[in-house]
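Reading the structure
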Amino acid sequence: MSDELSVDRAACMILESCEEEIVTAFDRAGSLKPCPIGSESLCCKVCYMGPCRLVGKTDRGVCGATRATVAARNFARSVAAGASAHSDHGRDLAFTLMAAAQGETQGYRIRDVNKLYAVAELLGIETKNRSVNDIAYDVGKEALDNFGRQRGTITYLSRATRRRQALWKELDIEPRGIDREVVELLHRTHMGVDQDAEHILDATMRCALGDGWGGSMLATDISDILFGTPSPLQSQVNLGVLKEDQVNIVLHGHEPTLSEMIVAASSDPELLDYAASKGAKGINLAGICCTANEVLMRHGIPPAGNFLSQELAIATGAVEAMVVDVQCIMQALADVAKRFHTKLIATSKKAKIEGAEFIPFDEHKAYDSAKAIVRAAIDQFPKRGSTRIPPIKEELIAGFSHEYIGYMQGGLYRSSFRPLNDAIIAGRIRGLAGVVGCNNARVKQDEGITKIIRELIRNDVLVVVTGCAATGAAKDGYLRPEFMEEAGAGLREVCEAIGIPPVLHVGSCVDNSRILTILTQCATEGGLGDDISDLPAVGICPEYMSEKAVSIGTYVAASGIYVLFGVHNPVGGSPEVVDLISNGWMKKVGGGIVWEPDTDKLLELAFAHIDRKRRDLGLAAYDPTRFGASGDRLIEKLEQQLGQEQVVGLYSANPSSSTPAAES
Ligand code: NFS
C-alpha cells in the first residue's frame, strides 16, 4: 500500500510501520480531495461580494470579472507570494552581511573574499584600496537598495545577455525594485484594478524576474560570501543517515544563517562533552527541505529527506530536535513530534508555530542561539524511546556552484563553458535540463522526479537539480558518479572526460539563480546563439507544490526557457490564460510554461523542444548511436567483441597508453 505513495523505500518503511500511530500528509491527501473549482482557478475571492465560483453557465463574477481575469489574478498572486518568500530570505542575508561587516554579529565573517570582489564588481561597488569589511558593508547596502528601489531597474539585470535585457526593456517588464513589483502586483490584482489577463501576466513576469534576477540571486551570492561558495563534496542521503547512538538534530526550513551556526556548535567540545554526559556518542546533524541543501552544499551535512519526508523523520523516533525557521514547514509537525520525544524548535520571529518551543534566532548572538538549540536537543536524548531508523541511505556528490562548473571546464585562470558548448554543438550532449521543485502529496513521492531524470540522461541530456527534486534524485542514487553508467553514450563520454556525474546538484531553490547564470554563460560563450532562448534547454518541475515553485517557473520562462510542470494545471479553468502562459509567452519572451501531468508526454515535449532548438541553431540532429567509441565504452565494446582477457592483453602490451595497442 505504502509503495503507492512513494518510490522512496525508507519513506515506505516508515509509513507502514507507523500506520496506526500517526497521520501524515500522505493520509490527509487521501482523505481530503482538492476543491475542483479552486484547483482550476475558477474561484475568485479578492473581494467580499464573493467568493464567486465561475462554473457551469456562470462565466462572470458579481463585479463582472471573467474566468481569464480571475485565473490570471490567482496565478499572479501565487507568484507574488513565492517571489516575496525568496526575496525576504535574500533581504535577511543582506542585513546579516552588513552586521557581519560591522563586527556586530557572533560567528559570521566574510568566508569567500573572491566572491565578495566579484559581487561588488557586478553591483558597481568600488573595491580599490578598501577593506574587505567596507566592501561587504556596501554590498549589503546595495542589495537592500535593490529591494526598496523605486525607479530604474534592479542591478543584476545586467548579468543577462544583451538581447534578453533589450527584450525586457522593450516589453516594459524590467523589475524596478524587488519589493515594488510584489506590491504593484498585489495592487493590480485587487478588486477592480487590472482587468486584462495578458496585462496582468506581463506584470507577473516582471515580479518573478525580481525574484530570479533579484532576491534569489542576491540570496545565493550573499550566502556564498558569508558561508563559502560550494565545491564538490561527498555525503549521504535518506533517513538512514540518522544515528542510533548520537543526538540527532534535523535542520528544516530555508535560511542558512542559523543552520551554519548549528553546524559550528555541533562540533563544540563543550557540547560534545555535554552530549557524552547524557550517554550519546556524538551530535549528528541532518537536513530536510532547502536548509538541507544549504548545509549539504557547503558542509556535506546529509539530507534526511525532502518535503514529504519531514513527518517521517520524526516518526523514526530517533530525532531529538527538529529545528525550523521559515517556509515549507508542515503545521502537522507539532502533532507528530508530540507522539515522540522530539522537540520541535521554532526560531524565526516571522513564524510562530503552535506546539513548538521558540528559541529566537538573533544574528547578533547567533552562536549563543545555536548552542542553546543544540543543548536543548541533547537534553532530549535520554528521553528517547524505541526507534525505527530505516537502514536505507545512498551516497552522493553535491556542491556544483556555477563557479565550480566553470572551473572544472577550464581551471582557475581559464574558467570556461567552452567544453560544454562544444559537446552540445557536436551532439554528444543533446541538451540541458534543470529538474527542480518540490514533492506534492497528490502524486507519488519522487516518482516523476526520478523517472524524468533517468530518461533525460539516457537520452544524453545533462541535468542540473535543485531543491527537493535534488534530494529525490539523490535518494535514488542519481548523484553518484557511477550513475553515468545509465547515461547515453555521448553524455557519458563527457562526464568521464570532465569527471562529473550526469546529474549536478547546484543547490537550494534560491540557487535556481545559479541555473540562470549557467545558461547565460552558455549563451555568451559562443556557438549556441546569443541568448538563453536559443539554447536547447528545458526547465522541469515534476512535483511542484509551493507558490515559490510557480514564481521560479515564471522567471525561468521570462528568461527564455521552455518550462514543464507536472501534477496539475492550476489555471486549467481558463483556456485563454493557459494559452497566454504557454504559447503567448513563447512568442513574447521565448519561454513559457506548460503543465503536463503525464510524465511520458512531458518527456516527449521536453525532447521535442530540445531538438527543435538544435535545428534552429543549425546543429546536427541528435543521433544516439553516433558516440560512445571512446573512454570506458570503448573498452566495454572491445570486451564484448574480443573477451576480457584479450583486452587486458592489448592494454598490457602498451601500458602507458589509454588507447589499446591494437588501435594505436
Ligand atoms: Ni523549494 Fe525549498 Fe522543497 Fe518545494 Fe519547499 S523546500 S524552496 S518550495 S518543498 S523544493
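Residues numbered from 1 in each chain as written. Predicted model: local features only at pLDDT ≥ 70, side-chain atom pairs only at ≥ 80, totals over all residues. Heavy atoms only, no water.

**Side note on the overall build of the protein chain**
Looking only at helices and strands, the protein chain has 25 helices and 16 strands in total. Compactness check: the protein chain gives a C-alpha radius of gyration of 25 Å against a globular reference of 26 Å for 664 residues, within 12% of the reference. By principal-axis analysis of the C-alpha atoms, the protein chain measures approximately 85 × 65 × 65 Å. Residue burial in the protein chain is summarised as follows: out of 664 residues, 61% are buried. Of the contacts formed within the protein chain by residues at least 6 apart in sequence, a portion of 75% connects residues at least 24 apart. By element, 50% of the accessible surface of the protein chain is carried by carbon and sulfur atoms, the whole surface being about 25600 Å². Positive and negative charge centroids in the protein chain, built from 69 and 86 side chains respectively, lie 4 Å apart. (Helix = DSSP H or I, 4+ residues; strand = E, 2+ residues; numbered from the N terminus. Rg over C-alpha atoms; globule rule 2.2 N^0.38 Å. Buried < 20%, exposed > 50% of the residue type's maximum accessible area, 1.4 Å probe, protein only. Contact = heavy atoms within 4.5 Å. Areas by Shrake-Rupley, 256 points an atom, 1.4 Å probe, with all protein chains shown as cover. Lys, Arg positive; Asp, Glu negative; His and termini not counted. Charge placed at Lys NZ, Arg CZ, Asp CG, Glu CD.)

**Quick look at the nonpolar core**
Across soluble globular proteins, nonpolar side chains have a tendency to be buried as a group. Residues Phe75, Val139, Trp213 and Leu456 are the most contacted members of the largest nonpolar core, which totals 171 residues. With 16 residues, the top contributor of residues to this core is helix α8 (residues 197-227). Each residue touching Phe75, except ones within four places of it in the same chain, is listed here: Leu201, Thr204, Val550, Thr554, Val571, Ile581, Trp585, Ile593 and Trp595. The next biggest cluster of nonpolar side chains, apart from the first, holds 41 residues, and it includes Leu242, Ala318, Met330 and Leu333. (Core = buried A, V, L, I, M, F, W, Y, C linked by side-chain atoms within 4.5 Å.)

**Here we look at the coordination of the nickel atom of the ligand**
For the nickel atom of the ligand, the sole protein-derived donor is Cys509 (SG), lying 2.4 Å away. Angles of 87 to 165 degrees at the metal separate the 4 donor atoms of the nickel atom of the ligand, which places the site in the irregular class. With respect to the element layout, Cys509 can be found in the loop between β13 (503-507) and α20 (512-525). (Donors = N, O, S within 2.8 Å, 3.2 Å for Na, K, Ca; no water. Tetrahedral: all angles 85-135°; square planar, octahedral: opposite > 155°, others 65-115°.)

**As for helix α19 (residues 489-498)**
Two residues of an α-helix separated by three or four positions point the same way, owing to the 3.6 residues in each turn. When you tally the buried positions in α19, you get 7 out of 10 residues, the bulk of the element. Three or more residues of α19 are buried, namely Ala489, Gly490, Leu491, Arg492, Glu493, Val494 and Cys495.

**Concerning the site of the ligand**
Within the structure, the ligand sits among His254, Cys289, Cys290, Phe307, Cys328, Gly437, Cys438, Cys468, Cys509, Met545, Ser546 and Lys548. Judged by its atoms lying within 2 Å of the grid points, the ligand is housed in the second largest cavity. Of the residues assigned to the shell around the ligand, the class counts are 8 nonpolar, 3 polar and 1 charged. Looking at which domains feed residues into the shell around the ligand, each of domain 3 (239-383) and domain 4 (406-628) supplies at least three. (Near = heavy atom within 4 Å. 1 Å grid on protein atoms, 1.4 Å probe; cavity = no way out; pocket = protein on both sides within 12 Å on 5 of 7 lines; lining within 4 Å. Sits in = over half its atoms within 2 Å of the grid points. Nonpolar A, V, L, I, M, F, W, Y, C, P; charged D, E, K, R; others polar. Domains from an automatic or database assignment.)

**Some words on the environment of Gly410**
With respect to the helices and strands, Gly410 occurs in the loop between α15 (402-408) and α16 (418-426). On the basis of relative accessibility, which here comes to 30%, the residue Gly410 falls in the partly exposed class. Along the chain, Gly410 and Ile498 lie 88 residues apart, while their C-alpha atoms are 9.9 Å from each other. Every residue in contact with Gly410, bar those within four places of it in the chain, is listed here: Ser415 and Ser416.

**Here's the deal with a negative patch on the surface**
A contiguous patch of negative charge, built from Asp3, Glu4, Glu16, Glu19, Glu20 and Asp27, is present on the exposed surface. Looking at the element boundaries, Glu20 is found in the loop between α1 (9-17) and α2 (25-31). Taking the relative accessible area as the measure of exposure, Glu20 reaches 79% and is therefore exposed. (Patch = residues over 30% accessible without salt bridge, like charges linked within 9 Å, V, L, I, M, F, W, Y side chains within 5 Å. Salt bridge = Lys/Arg side-chain N within 4 Å of Asp/Glu carboxyl O.)

**Quick look at the pairing of strand β15 (residues 562-565)**
Residue alternation in β15 divides its side chains into two sets, Tyr562 and Leu564 and Val563 and Phe565, and both sets are buried. Pairing analysis gives 4 bridges linking strand β14 (residues 537-541) to β15, with the strands arranged parallel. Bridge assignment links Cys541 to a residue of β15, and that residue is Phe565. Each parallel crossover has a hand, and for β14 linked through helix α21 (residues 547-558) to β15 it is right-handed. In terms of strand pairing, β15 meets strand β16 (residues 592-595) through 4 bridges, oriented parallel. Following the sheet pairing, Phe565 is matched in β16 by Trp595. (Pairing = 2+ DSSP bridges. Right-handed = clockwise from strand over helix to strand, strands pointing away.)

**Topic: the sheet that holds strand β9 (residues 357-358)**
Strand order in this open sheet of 6 strands is β6-β5-β4-β7-β8-β9, and the pairing throughout is parallel. Of all strands in the sheet, those with a lone pairing partner are β6 (303-305) and β9, marking the two edges. For strand β4 (residues 247-252) and strand β5 (residues 283-288), the ladder comprises 6 bridges, and the chain directions are parallel. Within the sheet, the bridge partner assigned to Ile249 lies in β5 and is Leu285.

**Observations regarding the domain arrangement of the protein chain**
Assigned domains of the protein chain: these are domain 1 (2-53), domain 2 (67-227), domain 3 (239-383), domain 4 (406-628) and domain 5 (633-663). For domain 3 versus domain 4, the separation of C-alpha centres amounts to 32 Å. The largest share of the area that domain 3 buries against domain 4 comes from Met297, Asn306 and Leu308, three residues that together contribute 39% of it. At the boundary of domain 3 and domain 4, one finds 0 salt bridges. (Buried area = accessible area lost by both parts, 1.4 Å probe.)

**Quick look at the pattern of salt bridges**
All told, the structure shown has 49 salt bridges when counted by the stated rule. Taking the shortest distance from any N to any O, the salt bridge between Arg188 and Glu184 comes out at 3.0 Å. Here Arg188 pairs with Glu184, and both are found in helix α7 (residues 178-188), just 4 residues apart, close to one helical turn. Across the pair, exposure class does not vary: Arg188 and Glu184 are buried alike. The closest approach of N and O atoms between Glu320 and Arg384, which form a salt bridge, is 2.8 Å. Placement of the pair is Glu320 in the loop between α12 (310-315) and β7 (321-324) and Arg384 in the loop between α14 (366-380) and β10 (394-398), with a sequence separation of 64 residues.

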